[in-house]
Amino acid sequence: MAEDHSHSAHQEGFWRKYWFSTDHKVIGIQYGITAMLFLLFGFGLMLLMRWQLASPGVEIPLLGALTPEMYNQFGAMHGTIMVFLGIVPLAVGAFGNYVVPLQIGAPDMAFPRLNMASYHFYFWGGVVMLASFFVPEGAAKAGWTSYPPLANIETMGQTMWLWGMVLLITSSLLGAVNFLVTIIQLRTEGMTFFKMPFFVWAQFITAFLLLLAFPPLEAAGFLQLADRLLGTSFFMPSGLVTADGPLEVAGGGSPLLWQHLFWFLAHPEVYVLILPAMGIVAEVLANNTRKPLWGYKLMIYSLIFLGFFSFIVWAHHMFITGMGTTISAFFQITTMIISIPSVVILSALFITLFGGSIRFNAAMLFAVGFVPMFGIGGLTGLPLGLAPTDIPLHDTYYVIGHFHYVVAPGTIFALFAGIYYWYPKVTGRTLNETLGRIHFWGSMIAMNGIFLPMLHQGMAGMSRRLFDGGLTYSFTEGVLHYNSIMAVSAVVLLLFQLPFIYNFLTSAKWGKKVTKSNHWEATTLEWSAAPTPPIGHGNFETVPTVYHGPYEYSVPGHELDYCPQGVPIQLPGHTDKTVES
Amino acid sequence: MNDLSKWMGMPLDASGHGVDIDIMMSWVHWLMLVLFLIWAPFFLYCLWRFNAKRHPRAIYTGVKSKISSYLEGGVVIAEAVLLVGFALPIWATIKNDFPEESESTIVNVIAEQFAWNVVYPGADGEFGLTTLTKPIQIDTSDPRGEDDVIITNTLHLVKDRPVIVNLSSRDVIHSFALPNMRVKQDAIPGLEIPVWFVPRMSTSEFRQQMAKEMPISDDERRRAQYPPYRWIAMRDYPDPADSTMLAEEGQRLSTRVLTRLYEGGITEVYASPEMEISCAQLCGGAHYSMRGTVIVHDTQEEFDAVLAESSF
């Protein structure tokens, strides 16, 4: 448990303090910086692919013309890196690690050394993934989904991908256990479950998802490794013939088994990508509308419901595999049901704006931008979740557009909101607001320039993962011109990340210093009780006590428009000073 | 109302069941649009009205109205209607209501990297064995296969005659996608999965319709004059589809073939649109070029003649 914090910072050497740290805040920063570098790298892969799609065969400076094999590598690794090495580590590893203990009034995570191990598994998982580009015939090229038999007969990069995934999954499992124990055991006095900030709830449910969904994929990863290295045939049926003749495998396996195991993880994984983002947006919205989160409890019940149901919708990714009526009916029904709590949460975020006193700072812009963009992402999931309409759209750019709306202007916007919101907490200095606004508007326009055309391309039937961008087919004729628009938008998106990168790097040293500890005049403990910038192990100078819910903004009868959780107040309609809201 | 999916760019529907899918697609998108159009003005109004400059002190209680609950209730009802009224019955028809075999064209489609092998049973109506070689061949030791015909990358059908495709794969997972027929089915090694549909439009009717809706021949001409340098890298990759595509009269040509013709001095190329088979599941390096065509003949006689011609 969180003992042994007696060593003060100055006694620790560089490696102990910055690399093998057991302080959740340092580990959060480690996660954050590593994940952002991976996001940038994954974004770079996307730029190369967009170049190829817009002008197939034209040489890329320094790299030359892409081959189909290179394109497939970039595609598979873009997906893998963005999901497993970028967004999840940033949303959970960085924000979760840094913010959750502070928001619940804990001195650290429950298992600090496990926390350190979790980061190092993640880091080495990333190194293995990157190294796979340099093995003979390059990285994995069977898509981020790694469907056998293709994945089984692919080159060495696929083996590296599997080892990398084993490390990443191990990291996530260790992290998930740590979050669960921390949130259950280390809440400070008065911090009941229904006084926890929505962000903590989101991380709590996410940890359950990670803990329960990842093991099947880890097992599946080992089975695929066995198929590749030990000659087993878990995913290989009999009678396979490739260009080199009949395959020498035992046979008798099923390629569909992999898909079930993969999607059993990968659908909850979608919620792992979304829930922490919703948590961040909820924090930023409540703080910048200066009013309580609308439907706080309803949102939490929806969150729990989402978490549970996310385990029984996975096969809606597999309607086209030949699914009969009974099974497809089950998965269509569960898919429609799971859309309802998502609608409830999104509605609550919309409604929170009503009656607020909205401060449009950079964090808020990204949070506000998240809501409609995630809305488009969610709505475009409807025709994919219903089997008949999935027929024309499955495996087309419509799917790509749909999930990119969810995770790019959706989750990534939320992550940006979180960075602008908590950067002063971490560094004691603020990010430049003007650069932040430029970053937001440029990203908003450019992202829509990339993802909106995808929906139209998909409606026209254009498949994903086409090296020539769909030129081979005549039915793509009317939507091919989008490829150029999307490439230009991708470059514009890059350009608008430059102000952010500059801002992020320079503000830590030269940014405006915060004038008070509670910079955003927030109610939650990380701002209202913990010092800014933070102190070392222990987090709080005195252990905070919580008296009321997390979003008591603009309480009638109070002069200040925020009431910190650690300060007793009289809430409207109550006579007891310590009742929950 | 039912044409929204068409306005949104879905390809011309040439199948019997496609209209149901298209109508459902339209209604799903109407639902999405209505929801978006309800939320967007509310959202923009809030951002404008409750800007801190206009509204310096927030209202603690916020919205008390039940409208959002009604809206959520509306979403539940709309989704239930889509599910029960459209999705379940349409899927049941597609999966269960197979036509009589005696009244259908029956073919085996065996996918491989990177081609569609279409096997026709011949006059005896029975399929013989095929070899484990690449490319796939008829096993001559099996008498049932003596009159079988394999045509690579072209699926011949007869207008209004149902077709049952027994789909399989010999190497990796492919996906048999016929955008104009509203058909998509993964071809999974180790499994033979039947798919059926009825082509309601012949290829000649399809071309006439396309000529009306899309000035494709002009566009093809434009593409035929693309600077060839764009294709230098792509030429280095053998494309199995090309061998079957070169210059059959009236057939649509891929841009690569057009470019080769252009390089050979033939700049006036007229190409006709074709119903196509595309591979929708990543299947390896040349996945992008795993293209086939669907030729729907106006009469059974025309179909028989083509098969007879192809058998030797």
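What counts as what
- Residues numbered from 1 in each chain as written.
- Chains lettered and ligands numbered in written order.
- Predicted model: local features only at pLDDT ≥ 70, side-chain atom pairs only at ≥ 80, totals over all residues.
- Heavy atoms only, no water.
- Helix = DSSP H or I, 4+ residues; strand = E, 2+ residues; numbered from the N terminus.
- Buried < 20%, exposed > 50% of the residue type's maximum accessible area, 1.4 Å probe, protein only.
- Contact = heavy atoms within 4.5 Å.
- Areas by Shrake-Rupley, 256 points an atom, 1.4 Å probe, with all protein chains shown as cover.
- Pairing = 2+ DSSP bridges.
- Axes fitted to C-alpha atoms, helices over the stretch in contact; angles between N-to-C directions.
- Parallel < 35°, antiparallel > 145°, perpendicular 65-115°, else oblique.
- Left-handed = near helix turned anticlockwise from the far one by under 90°.
- Buried area = accessible area lost by both parts, 1.4 Å probe.
- Salt bridge = Lys/Arg side-chain N within 4 Å of Asp/Glu carboxyl O.
- Polar contact = N/O pair within 3.5 Å; in protein donor to acceptor, adjacent residues only side chain to side chain.
- Nonpolar A, V, L, I, M, F, W, Y, C, P; charged D, E, K, R; others polar.
- 1 Å grid on protein atoms, 1.4 Å probe; cavity = no way out; pocket = protein on both sides within 12 Å on 5 of 7 lines; lining within 4 Å.
- Points joined across faces, edges and corners; volume = space filled by probe spheres on them.
- Phe/Tyr/Trp six-rings, centres within 6.5 Å; stacked < 30°, edge-to-face > 60°.
- Lys NZ or Arg CZ within 6 Å of the ring centre and 35° of its normal.
- pLDDT = per-residue confidence, 0-100.

### Examining the overall build of chain B
Helices and strands together make up the secondary structure of chain B, namely 9 helices and 10 strands. Out of the 312 residues belonging to chain B, those deemed buried represent 54%. Within chain B, contacts between residues separated by at least 24 positions form 67% of all contacts whose residues are at least 6 apart in sequence. By element, 59% of the accessible surface of chain B is carried by carbon and sulfur atoms, the whole surface being about 13800 Å².

### A closer look at the sheet that holds strand β10 (residues 292-297) of chain B
Residues and elements named next belong to chain B. Strand order in the open sheet formed by 5 strands is β4-β10-β9-β6-β7, with mixed pairing between adjacent strands. What marks the edges here is a single partner per strand, and that holds for β4 (154-158) and β7 (183-187). For this sheet, the mean inter-axis angle between neighbouring strands, taken without regard to orientation, is 20 degrees. As paired elements, strand β6 (residues 174-178) and strand β9 (residues 275-279) share 2 bridges and run antiparallel to each other. Note on β9: the bridge partner recorded for Phe-176 is Cys-279. Sheet contacts for helix α9 (residues 300-310): β4 and β10; angle to β4, the most-contacted strand, approximately 150 degrees.

### Some points on the packing of helix α4 (residues 112-131) of chain A against helix α6 (residues 156-185) of chain A
Residues and elements named next belong to chain A. Axis separation between α4 and α6 bottoms out at 8 Å; the angle between their running directions is 160 degrees. Overall, the two elements α4 and α6 adopt an arrangement that is roughly antiparallel. Both α4 and α6 take part in a crossing whose hand is left-handed. The segment α4 lies against α6, with Leu-114, Asn-115, Ala-117, Ser-118, Phe-121, Tyr-122, Trp-124, Gly-125, Gly-126, Val-128, Met-129 and Ala-131 engaging Met-160, Trp-161, Trp-163, Gly-164, Met-165, Leu-167, Leu-168, Thr-170, Ser-171, Leu-174, Gly-175 and Asn-178.

### A word on the interface of chain A and chain B
At the junction of the two partners, chain A supplies 107 residues and chain B supplies 94 residues. Summing both sides of the interface, chain A and chain B together bury roughly 8500 Å²; the carbon and sulfur share of this comes to 68%. Joining chain A to chain B, the criterion identifies 0 salt bridges. Our count for the chain A to chain B interface comes out at 31 residue pairs in polar contact (both at pLDDT 80 or more). Broken down by element, the residue count for the side of chain A that touches chain B peaks at 13 residues, all from helix α10 (residues 325-352) of chain A. Class assignment of the residues belonging to the side of chain A that touches chain B gives a composition of 62 nonpolar, 32 polar and 13 charged.

### Side note on empty space enclosed by the protein
Empty pockets left among the atoms are what a rolling probe the size of a water molecule brings to light. Tallied over the full model, the rule gives 4 cavities of 30 Å³ or more. Here the largest cavity defines a volume of roughly 180 Å³. The wall of the largest cavity is formed by 18 residues, among which A:Tyr31, A:Val88, A:Pro89, A:Ser171 and A:Ser172 lie closest to the centre. Only α3 (68-104), α4, α6 and α7 (198-229) of chain A provide two or more residues apiece to the lining of the largest cavity. Along the walls of the second largest cavity sit 17 residues, with A:Ile391, A:Pro392, A:Gly461, B:Pro179 and B:Lys184 positioned nearest its centre. Sorting the residues of the lining of the second largest cavity by element identifies α13 (387-393) and α15 (433-459) of chain A together with β6 and β7 of chain B as the ones contributing at least two each. When its residues are assigned to classes, the lining of the second largest cavity shows 10 nonpolar, 5 polar and 2 charged.

### Description of the packing of α3(A) against α4(A)
Residue and element names in this part refer to chain A. Across the interface, α3 lies against α4 with an axial gap of 12 Å and an inter-helix angle of 160 degrees. Of the possible angle classes, the one that applies to α3 and α4 is roughly antiparallel. α4 is crossed by α3, and the crossing has left-handed handedness. Residues Met-77, Thr-80, Phe-84, Leu-85, Pro-89 and Asn-97 of α3 touch α4, and the partners they reach there are Asn-115, Tyr-122, Gly-126 and Met-129. The residue inventory of the contact of α3 with α4, partitioned by class, reads 6 nonpolar, 4 polar and no charged.

### Regarding unusual backbone geometry
A cis amide bond, omega -15 degrees, links A:Thr532 with the succeeding residue A:Pro533. B:Gln113 connects to B:Phe114 through a cis peptide bond whose omega is 0 degrees. Summarising the element assignment, B:Phe114 is placed in the loop between β1 (105-112) and β2 (115-120). Unlike most non-glycine residues, A:Asp395 shows phi in positive territory, near 60 degrees. Of note, A:Asp395 is situated in the loop between α13 and α14 (397-427). Here the phi dihedral of A:Asn539 falls at roughly 70 degrees; this positive angle occurs in a residue that is not glycine. Structurally, A:Asn539 is set in the segment after α17 (525-528).

### Structural notes on the sheet that holds β2(B)
All names here are of chain B. Spatial strand order, β3-β2-β1-β5-β8: 5 strands in an open sheet with mixed pairing. Each having just a single partner strand, β3 (149-152) and β8 (193-197) make up the two edges of the open sheet. The sheet shows a mean angle of 25 degrees between the axes of neighbouring strands, direction not considered. With 5 bridges connecting them, strand β5 (residues 163-169) and β8 associate as antiparallel partners. Opposite Leu-167, over in β8, you have Ile-193 as the bridge partner. Across the sheet, α9 touches β1, β2 and β3, and the angle it forms with β3 is around 95 degrees.

### Re the packing of aromatic side chains
Residue and element names in this part refer to chain A. For the structure shown, the criterion picks out 65 aromatic pairs over all chains. Where Phe-14 meets Tyr-18, the ring centres are 5.3 Å apart and the plane angle is 50 degrees; that geometry is what we call tilted. One end of the pair, Phe-14, and the other, Tyr-18, are both in helix α1 (residues 14-19), 4 residues apart, so they sit about a helical turn from each other. What makes Phe-14 exposed here is its relative accessible area of 56%. For the pair Phe-366 and Phe-440, a centre-to-centre distance of 5.2 Å together with 85 degrees between the ring planes defines the contact as edge-to-face. Of this pair, Phe-366 sits in helix α11 (residues 362-379) while Phe-440 sits in helix α15, and the two are 74 residues apart along the sequence. Of the two residues, Phe-366 and Phe-440, neither departs from the other in class, the shared state being buried. Counting every residue linked through ring pairs, the aromatic cluster contains Phe-366, Phe-413, Phe-416, Tyr-420, Tyr-423, Phe-440, Trp-441, Phe-500 and Phe-504. Its end group placed over the ring of Phe-193, Arg-187 keeps NZ or CZ at 3.9 Å from the ring centre.

### Description of the confidence of the model for chain B
Residue and element names in this part refer to chain B. Per-residue confidence for chain B gives a mean pLDDT of 82; residues scoring 70 or more make up 79%. Below a pLDDT of 50 lies the segment residues 224-252, which in the model reaches 74 contacts outside its immediate sequence neighbourhood of four places, other chains included. Taken together, the chains of this predicted complex give a pTM of 0.92 and an interface ipTM of 0.92.

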